[in-house]
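Below, each chain spelled out in residue letters.
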Amino acid sequence: MEEYTRAATSDTPAHILYLLDVSRTMKNDLDGRPRIRWLEEALEYTLDFLIDERSYRDEVYRSRYRVSVVTYSSDLDDSLTGGGFVDIKDFWNEGLPEFSPRGETFTKGALERAYQMLRELLQDPLVQERCPAPVVCHVTDGEYNVGGDPAPIAREIKGLRNRDGHVLVVDLFITDELLAAPIKDVRSWKGFVSEEEAAFREKHAKYAHTLFDMSSSLPESYASVLRERGFSLEPGSRMMYPGQSYDLIKLAFVASTSTPFSRG
Amino acid sequence: MHPLVTSCFQLDQRRDLRPRLELAGRYNIISGFHRARSCIEIEDKYQIRYPGGDYITYHYYDEKMLFVVCDGVSGGFGGYIASRFLGNRLIAWLQHQGCASVGAADLLDSLAQEMNAWVYDATREVDAAPFLISPTDETDRKFKEKRRAKGAQTMFVAGVLDYRNDTADFFWMGDIRLSLDFGEDGRHIQNKVRGWSQNRWGTRDGLKGTLDGCRHRCSELRRVVVYTDGLPEIASEAEIGNWRDRDFLDLQFAQPPDDVSVLAISVVPSEWGNLPTLTVPQPILADRSEVRFSRTPEGAWIRTKGHVKDSIHAIDLDPHRTIFRPAEYDLAGRGRYGFQLISGERLPSQYTSSIPLYGKPETEPVPKSLPGLIPSRPIPTPEPPPIPQPQPRPQITFRHLLAIAGWIVAVLGWGIAAHFFFRLNQAQYYGREQQRRANELMATVTSLATLPSSFPTAQSLPPMEDATPIQVSVSPTPSTEPPSEASTAVSPLSTPTVPVISPTVLSTSVPTPVSESGSNAGDTTRTPALDSVGECRSPTTVAGGLMLHLLPSESSQIVLSVPVGHALTYSSVEGQWSLPRDEGDGVTPIGGWTCLQGLDESAGCVDA
């Protein structure tokens, strides 16, 4: 049974792959600010949290998280982390990126690149045997318009696994028009437990359902860590989050960092 | 009869504490502590003593047992500071509170207010705390400072067992386990509730979450067990629930993932029944710094308890030890030590009467901030490690500047005073002496001037002391040639040497001459005003010849002008001057000065 119980430690670090859509629609405003700025802010918040709250014990920094950042629009760019996974403090030391939105939305290509990277990663015996299951956090603001349907390759990614469990896929859909009834209190929101409850607006319903299918279910251990942080997401709810506000955008990033962690 | 009337204990967070039993009145107390594996790794890597985050302290007096167990949050900065601070404050508060006379709810309110009021002192303590490990880079420093600014946090369980008033009060925040066993019906309760780990006390924020408490009758309680969340990581909670005192004493820790602290207090020491009578080996006082023991068969090891200043130190000596030296345990100064025998079954005897002993000299630094119990097997403490700390920049204060200025003024003043003093004395001396010499010289020159140029005899001149000879000679220069660099060159005469004048007497700088016309010796040049700096004067070459300035001292100058085509030579070997010329014009002394004829009078004289 998959339990996702492996903790992120300095010996067995967690791996998180951020797949970020930087197509030109990310220039559009959300709450009076370009979406891309919200995205940058959420990424910085996440890295800061992982270093400050999760990687320090006493006065010693412990390398518990390795990240990879791949941006995509009409083409792909994985140069921010050199095409692989790097320690978050090293990534932080390089300075956080400022993204320039342009081009189309080549979602399928991005997922294919992610698939390659994860396959390579999972060939490492340490990752395969002892590390927590890798997490892919996919952030987009709209439907793909080049390359075709990304759903099949997303299924391939979800099929990859190590001893801790299958690769977890988190999808964040940044748009203010996704839900008919906006989520008022992020902390008490239980997540999309079933597709029927999601009640997506018709305009985005088709792609939202695609993302819903692409997303993994929230493991119990992740839900427990999220509870400690004051969120109420239910175990088994889909790890798809409607980015209708900055709080919800942050929630998706927080969910991606909820690997159990060791205090030792 | 109770072995101890009072007992006080504060954990030394930097050292592990093997589980130990202490009898305190009607309470049997078992305490143990082991730091997390990460602390040991830090010690190995950085060669420093690194404290664990847990803290235990208790105080028994007047049949009242006060205790606090804290678990500092190691995810933040300085959890060990917060736990120690809060533990000590809580014990002090419990001591002065008189819990039994206050209702449980009021007591809780009062404690909540008090804990929020401690924030100011606690924040100051955390802000002043240095980093035990120097930042490795700028990012590391930034995050460490940020974490320190957020303050430290701790969880705690505190309790007061008041046998006389038959009350037992407990308070807690966080996930430290508190188990209460009731004797009669075997009742067992625990403080575990959902979300409890979010409740904690912060040095900057005060109470975060819920402060809980409960009150029971002390007479109904059989045992109180408190342990931090490190213990459930090495044994199941169900298992721990069934442990007896002996099981706690037998606990072995092998580098636990988290700090482990255990405090088990049996309210009635029934488990041990009647304590066996153990023969305490009487310590032999070897000298004032050590005691020796002879072993007895029933004794497994010996425990000593020392009152040193305001701290109490309990030390279990290893079974093979027959000697105790306070200095070996970093105990400094004079203390009073009592000794107790512990049997193989870990049953204690009574303490001996106390013996005064001296530890290390008090001048050596003693870690006063973390007083407490030292284990029987102290971890070898390395010498002060070479921690890569940034060197403090020297602080230059106004006082330093003042001192420097004072020194400068003193040195300058002394220099100036010495200058004038010596110059004055020198002038007074040379004024007399050199005047005499000058007169003699002038007389000689005058007499020489009247001699035929071929006259070979040189008159003796007063020897010039300390004269280092240099070559000075006067060469005949055609009077028609304009003065030039070449004409000023001093070239030797056919007469081999004319060493003359000490460099302290003459220098070789040549002032630029100013041309003038008219003289019986051809073109002459008005000698420029001679530089009077120092004690030297230049041999000045002028168009009409060479002018020598002999300066034994500033107050006694002799100026000799030699017309072109004539030479004045001096042999330091013979100590004689010679002026080989045939038409020797007379030398006319003017005042204290002498001018040779053939040169403008004013040119040849220099004002004193």
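Thresholds, definitions, all that
Residues numbered from 1 in each chain as written. Chains lettered and ligands numbered in written order. Predicted model: local features only at pLDDT ≥ 70, side-chain atom pairs only at ≥ 80, totals over all residues. Heavy atoms only, no water. Helix = DSSP H or I, 4+ residues; strand = E, 2+ residues; numbered from the N terminus. Buried < 20%, exposed > 50% of the residue type's maximum accessible area, 1.4 Å probe, protein only. Pairing = 2+ DSSP bridges. Phe/Tyr/Trp six-rings, centres within 6.5 Å; stacked < 30°, edge-to-face > 60°. Lys NZ or Arg CZ within 6 Å of the ring centre and 35° of its normal. 1 Å grid on protein atoms, 1.4 Å probe; cavity = no way out; pocket = protein on both sides within 12 Å on 5 of 7 lines; lining within 4 Å. Points joined across faces, edges and corners; volume = space filled by probe spheres on them. Nonpolar A, V, L, I, M, F, W, Y, C, P; charged D, E, K, R; others polar. pLDDT = per-residue confidence, 0-100. Contact = heavy atoms within 4.5 Å. Axes fitted to C-alpha atoms, helices over the stretch in contact; angles between N-to-C directions. Buried area = accessible area lost by both parts, 1.4 Å probe. Salt bridge = Lys/Arg side-chain N within 4 Å of Asp/Glu carboxyl O. Polar contact = N/O pair within 3.5 Å; in protein donor to acceptor, adjacent residues only side chain to side chain.

**As for unusual backbone geometry**
Residues and elements named next belong to chain A. Not every positive phi belongs to a glycine, and tyrosine 4 is a case in point at roughly 50 degrees. Tracing the backbone through its elements, the reader meets tyrosine 4 in the segment before β1 (14-21). Residue tyrosine 4 is classed as buried on the basis of its relative accessible area, which comes to 7%. In this structure, aspartate 58 is a non-glycine residue whose phi angle is positive, near 55 degrees. Of note, aspartate 58 is situated in the loop between β4 (56-57) and β5 (60-61). Aspartate 58 gets classed as buried once you look at its relative accessible area, which sits at 11%.

**Comments concerning the sheet that holds strand β15 (residues 284-287) of chain B**
Residue and element names in this part refer to chain B. On the basis of which strands lie adjacent, the open sheet formed by three strands has the order β15-β16-β19 and antiparallel pairing. Pairing within the sheet leaves two strands with one partner each, and these edge strands are β15 and β19 (323-324). Where β15 meets strand β16 (residues 290-292), three bridges bridge the pair, whose relative direction is antiparallel. Residue pairing for β16: leucine 285 is matched across the bridge by valine 291.

**What to know about the packing of aromatic side chains**
Enumeration according to the criterion identifies 21 aromatic pairs over all chains in this entry. Taking 5.5 Å as the distance between ring centres and 20 degrees as the angle between the ring planes, the aromatic pair formed by A:Tyr18 and A:Phe253 counts as stacked. Taken as a pair, A:Tyr18 in strand β1 and A:Phe253 in helix α9 (residues 246-256) lie far apart in primary sequence, 235 residues in all. A:Tyr18 gets classed as buried once you look at its relative accessible area, which sits at 0%. A residue is classified by how much of its surface remains accessible, and A:Phe253, at 0% relative accessible area, is buried. An angle of 85 degrees between the planes, with centres 5.7 Å apart, marks the rings of A:Phe173 and A:Tyr207 as edge-to-face. With A:Phe173 in strand β12 (residues 168-174) and A:Tyr207 in helix α7 (residues 202-214), the pair connects residues that are 34 residues apart, well separated along the chain. For A:Phe173, a relative accessible area of 1% gives the class buried. An aromatic cluster is built from A:Tyr56, A:Tyr61, A:Trp92 and B:Phe143, whose rings are joined through pairwise contacts. The ring of A:Trp38 carries A:Arg33 above its face, with NZ or CZ at 4.7 Å from the centroid.

**Focus: the layout of surface pockets**
Of the voids in this model, the largest pocket is the one considered here, and its volume is about 1100 Å³. Forming the boundary of the largest pocket are 39 residues, of which A:Glu53, A:Arg54, B:Val73, B:Gln153 and B:Arg200 lie nearest the centre. Listing elements by their share of the lining of the largest pocket, those giving two or more residues are α1 (35-55) and β4 of chain A together with β5 (64-72), α5 (138-150) and β6 (153-162) of chain B. Broken down by element, the residue count for the lining of the largest pocket peaks at six residues, all from α1(A). Of the residues in the lining of the largest pocket, the class split is 10 nonpolar, nine polar and 20 charged.

**Description of the environment of B:Ala314**
Structurally, B:Ala314 is set in strand β18 (residues 311-317). With 11 residues separating them along the chain, B:Ala314 and B:Arg303 place their C-alpha atoms 7.0 Å apart.

**Overview of the confidence of the model for chain B**
Residue and element names in this part refer to chain B. Taken as a whole, chain B shows an average pLDDT of 68; of its residues, 57% reach a score of 70 or greater. Between the elements of chain B, mean pLDDT differs from a low of 33, seen in strand β24 (residues 524-526), to a high of 94, seen in helix α4 (residues 119-128). Under a pLDDT of 50 for its full length, residues 1-5 has, in the predicted model, 14 contacts with residues more than four places off or in other chains. Here the complex is predicted with pTM 0.59, and the ipTM for its interfaces comes to 0.85.

**Some remarks on the sheet that holds strand β8 (residues 177-182) of chain B**
Residues and elements named next belong to chain B. Taking strand neighbours across the sheet as the criterion, the six strands line up as β2-β3-β14-β13-β8-β9 in an open arrangement whose pairing is antiparallel. The sheet terminates laterally at β2 (17-24) and β9 (188-190), the two strands that pair on one side only. On average, adjacent strands in this sheet sit at an angle of 10 degrees to one another, irrespective of strand direction. Note: β8 against β9, three bridges, orientation antiparallel.

**Some remarks on the interface of chain B and chain A**
At the interface, 28 residues of chain B touch 17 residues of chain A. With both chains or domains summed, chain B and chain A bury close to 2000 Å², and 41% of this area falls on carbon and sulfur atoms. Ranking the residues of chain B by area buried against chain A places B:Ser74, B:Phe143 and B:Arg147 at the top, with a combined share of 25%. Inspection of the chain B/chain A interface yields eight salt bridges. Put simply, B:Arg147 and A:Asp52 hold a salt bridge, and the shortest N to O gap is 3.5 Å. Here chain B and chain A share 15 residue pairs in polar contact (both at pLDDT 80 or more) between them. Within the residue set of the side of chain B that touches chain A, elements represented by two or more residues are α1 (37-46) and α5 of chain B.

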